[in-house]
Amino acid sequence: MKTEVISTVFDPELGANRGAQIILAGGLVAFPTETVYGLGANGLNPDAVRAIYAAKGRPTDNPSILHIAHKEQVKSLWRRVPDAAWKLMDTFWPGPLTLIAQRSDIVPDEVTGGLDTVAVRLPANRTAQLLIERAGVPIAAPSANMSGKPSPTCAGHVLHDMDGRIPLILDGGSCQYGVESTVLSLAGEPTILRPGAITREMLAAVIGEVRVAPSVLSPLKKGEVAASPGMKYKHYAPNAEVVVVSGTPEKAAKKIAELYCSLEMQGKKCEIAATEQTKDFYLEKKYVILGDRNYPETLCASLFASLREMDRRADCILAEGIPAEDAGMAYMNRLLRAAGFRMINV
């Protein structure tokens with residue numbers, strides 16, 4: 001299969017009609033959103049959804065998200081629309097928030113991993129919106145990468161992973177946020193299953209108290225079902241080994257510098273995922289500055305692209321942990337899973 005790439009940077013409508021034709025024919029299309037690139041199929045076609053899992057090598061018990069073009073579409077996808085959902089949709093949609101509620105009968109098991117709930121999102125990216133509108137169906141779309149690898153934040157990442165596996169990639173440039181949407185379950189007490197740009201504090205300001213699932217910053221317990229994408233033990237991971245070092249910026253940086261030297265002496269190629277505040281600790285070492293630790297959204301925006309970049313050169317990636325608060329929770333959720341929860345506290 002030859003994979004076609006169509007740029008939509010200057011003309012968001014370009015490629016939407018072609019993409020919709022492929023979606024309605026049961027095919028797969030990679031498309032940009034404001035979070036990461038998604039790999040989309042007709043979410044009401046079980047065979048098409050199964051094709052997503054085959055292309056990604058994705059376990060079938062890992063649920064996907066249905067992407068819609070208009071809020072009213074949730075009425076056909078959920079058995080009942082929770083009151084809190086309307087408040088959240090009015091505040092944050094379109095945008096990087098996914099909501100989970102009891103699914104309706106039209107949603108196939110293939111989308112939900114057999115669960116009785118379904119995740120729905122209305123993306124803010126214009127290319128994504130036009131593709132969904134032209135297709136006229138909800139589009140099931142996990143991230144457009146090989147399963148378990150860092151999510152793609154530009155079309156080049158998608159092409160690297162999916163070349164020859166899918167017919168079309170819509171190239172909308174780099175993604176705004178760089179990490180996947182916040183996932184909030186409304187099937188019971190409001191609970192964050194995956195953090196993102198919409199923080200707990202932002203959600204609580206609209207609907208009151210919001211819980212954070214323990215699995216956000218720790219592995220799923222044995223036998224526990226993944227109720228949301230991104231809950232697996234190891235996820236977003238490069239081929240290189242990732243080690244997280246947490247502590248005060250100075251202590252963490254000094255420990256990382258020590259580990260770097262030790263691993264290099266063992267013959268391993270190392271790189272450091274650094275921040276603006278700590279770069280001076282890594283002189284004469286190989287490092288990439290992800291952003292400013294005082295503004296975790298800058299770290300989120302560059303995390304996946306940086307992991308992919310360093311993975312081309314390194315056997316081991318040493319990364320600084322930050323406080324898991326506000327946007328820092330989204331960053332640490334991805335980083336810990338990329339490391340398979342291998343973390344050193346200093």
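A. The overall build of the protein chain, seen in detail. Across its full length, the protein chain carries eleven helices and 16 strands. Whereas a compact globule of 346 residues would reach a radius of gyration of roughly 20 Å, the protein chain reaches 20 Å, a difference of no more than 12%. With respect to the principal axes defined by its C-alpha atoms, the protein chain has extents near 55 × 50 × 40 Å. Long-range contacts, defined here as pairs at least 24 residues apart, represent 68% of the contacts in the protein chain between residues at least 6 apart. A total of about 14,100 Å² of accessible surface is found on the protein chain, and carbon and sulfur atoms cover 50% of it. In the protein chain, the 38 positive side-chain charges and the 38 negative ones have mean positions that sit 4 Å from each other.

B. Representation of the sheet that holds strand β16 (residues 343-345) in the model. Reading across the sheet, the five strands line up as β14-β13-β15-β12-β16 and stay open at both edges, with parallel pairing between neighbours. In this open sheet, the two edge strands, each paired with only one partner strand, are β14 (287-291) and β16. On average, each strand axis in the sheet is tilted by 25° relative to the strand beside it, whichever way the strands run. Bridging between strand β13 (residues 270-275) and strand β15 (residues 316-320) involves four bridges; their strand directions are parallel. The residue of β15 that forms the bridge with Cys 270 is Cys 316. Here helix α10 (residues 296-311) sits on the sheet in contact with β13, β14 and β15, set at roughly 160° to β14.

C. Highlighting the sheet that holds strand β1 (residues 4-7). If you walk across this open sheet you meet the eleven strands as β1-β8-β2-β3-β7-β4-β6-β5-β9-β10-β11, and the pairing is mixed. Sheet topology places β1 and β11 (211-212) at the edges, where each strand pairs with a single neighbour. Relative to strand β8 (residues 168-171), strand β2 (residues 29-31) is paired through two bridges, and the arrangement is parallel. Looking at the pairing, Val 29 lines up with Leu 168 of β8. Relative to the sheet, helix α2 (residues 46-56) contacts β3 (38-42) and β7 (139-140), its axis offset from that of β3 by approximately 150°.

D. Summary view of helix α4 (residues 83-92). Those residues of α4 lying buried are Ala 85, Leu 88, Met 89 and Phe 92. Seen along its axis, α4 keeps its buried residues to an arc of 100°; they face one direction. Exposed and facing more than 90 degrees away from the buried side of α4 are Asp 83 and Asp 90. If you follow the buried residues of α4, they end up packed against α3 (74-77), β5 (97-102), β9 (182-185) and α8 (200-207).

E. How the structure looks around the packing of aromatic side chains. Counting across every chain of the model gives two aromatic pairs. Ring plane angle 50° and centroid distance 6.2 Å describe the contact between Tyr 282 and Tyr 287, whose orientation is recorded as tilted. For Tyr 282, a relative accessible area of 0% puts it in the buried group.

F. View of the packing of α10 against helix α11 (residues 327-338). Here α10 crosses α11 at 25°, and the two axes come no closer than 8 Å. The pairing of α10 with α11 is recorded here as roughly parallel in orientation. Considering only the axes of α10 and α11, their crossing is left-handed. Note on element contacts: α11 touches α10 through Ala 327, Gly 328, Ala 330, Tyr 331, Arg 334, Leu 335 and Ala 338, opposite Pro 296, Glu 297, Leu 299, Cys 300, Leu 303, Phe 304 and Leu 307. Among the residues forming the contact of α10 with α11, the class breakdown is eleven nonpolar, one polar and two charged.

G. Structural context of the side chain of Lys 56. Along the chain, Lys 56 falls in helix α2. Of the side chains bearing the opposite charge, Asp 161 lies closest to the buried Lys 56, which forms no salt bridge; the N-O distance is 7.4 Å. Every residue in contact with Lys 56, bar those within four places of it in the chain, is listed here: Leu 39, Pro 142, Ser 143, Asn 145, Met 146, Ser 147 and Met 162.

H. Region of interest: the packing of α4 against α8. Remark: α4 packs on α8, axes separated minimally by 9 Å, with the N-to-C direction vectors making an angle of 120°. In terms of orientation, α4 and α8 fall into the oblique class. As for how α4 packs across α8, the hand of that crossing is right-handed. Of the residues in α8, those touching α4 at Ala 84, Lys 87, Leu 88, Thr 91 and Phe 92 are Met 202, Leu 203, Val 206 and Ile 207.

I. Quick look at the environment of Leu 299. With respect to the helices and strands, Leu 299 occurs in helix α10. Accessibility expressed as a relative area gives 0% for Leu 299, which makes it buried. Setting aside chain neighbours within four positions, we find Leu 299 in contact with Thr 275, Leu 290, Gly 291, Asp 292, Arg 293, Ile 322 and Tyr 331.

J. Spatial organisation of unusual backbone geometry. Cis geometry marks the peptide bond from Trp 93 to Pro 94; its omega dihedral reads -5°. By secondary structure assignment, the location of Pro 94 is in the loop between α4 and β5. Although it is not a glycine, Phe 341 sits at a positive phi angle of roughly 65°. As for its placement among the helices and strands, Phe 341 is situated in the loop between α11 and β16. With relative accessibility at 17%, the residue Phe 341 sits in the buried group.

Criteria and thresholds
Residues numbered from 1 in each chain as written. Predicted model: local features only at pLDDT ≥ 70, side-chain atom pairs only at ≥ 80, totals over all residues. Heavy atoms only, no water. Helix = DSSP H or I, 4+ residues; strand = E, 2+ residues; numbered from the N terminus. Rg over C-alpha atoms; globule rule 2.2 N^0.38 Å. Contact = heavy atoms within 4.5 Å. Areas by Shrake-Rupley, 256 points an atom, 1.4 Å probe, with all protein chains shown as cover. Lys, Arg positive; Asp, Glu negative; His and termini not counted. Charge placed at Lys NZ, Arg CZ, Asp CG, Glu CD. Pairing = 2+ DSSP bridges. Axes fitted to C-alpha atoms, helices over the stretch in contact; angles between N-to-C directions. Buried < 20%, exposed > 50% of the residue type's maximum accessible area, 1.4 Å probe, protein only. Arc of directions from axis to C-beta. Phe/Tyr/Trp six-rings, centres within 6.5 Å; stacked < 30°, edge-to-face > 60°. Parallel < 35°, antiparallel > 145°, perpendicular 65-115°, else oblique. Left-handed = near helix turned anticlockwise from the far one by under 90°. Nonpolar A, V, L, I, M, F, W, Y, C, P; charged D, E, K, R; others polar. Salt bridge = Lys/Arg side-chain N within 4 Å of Asp/Glu carboxyl O.

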